[in-house]
Amino acid sequence: GQQVMQIPQYQHVQEGEDFTTYCNSSTTLSNIQWYKQRPGGHPVFLIQLVKSGEVKKQKRLTFQFGEAKKNSSLHITATQTTDVGTYFCVGSGYALNFGKGTSLLVTP
Amino acid sequence: NAGVTQTPKFQVLKTGQSMTLQCAQDMNHEYMSWYRQDPGMGLRLIHYSVGAGITDQGEVPNGYNVSRSTTEDFPLRLLSAAPSQTSVYFCASRTVNTDTQYFGPGTRLTVL
């Protein structure tokens, strides 16, 4: 599968602050997917981006796919304690490599 | 549909013991994968299968065997467990037409 690097690995914010995680690939991605894993849970699919420059929103979450289809970002506006978890971005391929993701901790 | 199911949920083994982690899906998905998750290491791909009778190695295959005799089942075998295999194991499946994966609830394995 297509490899992507994700930063930061950890982020600790106060509730109400914004949060962004970034993914970068050295090669052009066919698509990119985002997953969320709550503590003690399993990864759950959030969204897939396919088109160059695509922007999708899910309530307070905004997902972007770069114009060159080599990078992507997830932005959370006004974080809440329910946003706690690890967020993974995944490129496409037969073998989907998840990597380390970004672990978000939100303090009330 | 039950989705992706995994058994057992918890398991404790002694070094050298063997066991099989079970994974089944009822969504008629062609692709199935096994991952392990360790603190600070993220999700690492162990083995995957693109259909019955076809398997391939992922990032960390050593110490694990798989087979895919049916579309529904994808068991993961540990022939001789080692403490380094203490981890949480996730099975996932998806169709050939999409990269969207559905995960099972995981098996928490401890090897003493």
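So, on to the interface of chain B and chain A. Contacts between the two partners involve 20 residues from chain B and, on the opposite side, 22 residues from chain A. The contact between chain B and chain A buries some 1600 Å² in all, and 52% of this surface belongs to carbon and sulfur atoms. Ranking the residues of chain B by area buried against chain A places Leu43, Asp99 and Phe103 of chain B at the top, with a combined share of 31%. Between chain B and chain A we count zero salt bridges in total. Our count for the contact surface shared by chain B and chain A stands at seven residue pairs in polar contact (both at pLDDT 80 or more). For the side of chain B that touches chain A, the element with the most residues is strand S5 (residues 42-51) of chain B, which contributes five residues. Per-class residue counts for the side of chain B that touches chain A are 10 nonpolar, seven polar and three charged.

Take the environment of arginine 60 of chain A next. Residues and elements named next belong to chain A. Inspection of the secondary structure assignment puts arginine 60 in the loop between strand S6 (55-58) and strand S7 (61-65). Note on arginine 60: relative accessible area 23%, which makes it partly exposed. Setting aside its immediate chain neighbours within four residues, arginine 60 contacts His75, Ile76, Thr77, Ala78, Thr79, Gln80, Thr82 and Asp83. There is a polar contact of 2.9 Å between the side chain of arginine 60 and the side chain of aspartate 83.

Calculation criteria
Residues numbered from 1 in each chain as written. Chains lettered and ligands numbered in written order. Predicted model: local features only at pLDDT ≥ 70, side-chain atom pairs only at ≥ 80, totals over all residues. Heavy atoms only, no water. Contact = heavy atoms within 4.5 Å. Buried area = accessible area lost by both parts, 1.4 Å probe. Salt bridge = Lys/Arg side-chain N within 4 Å of Asp/Glu carboxyl O. Polar contact = N/O pair within 3.5 Å; in protein donor to acceptor, adjacent residues only side chain to side chain. Helix = DSSP H or I, 4+ residues; strand = E, 2+ residues; numbered from the N terminus. Nonpolar A, V, L, I, M, F, W, Y, C, P; charged D, E, K, R; others polar. Buried < 20%, exposed > 50% of the residue type's maximum accessible area, 1.4 Å probe, protein only.

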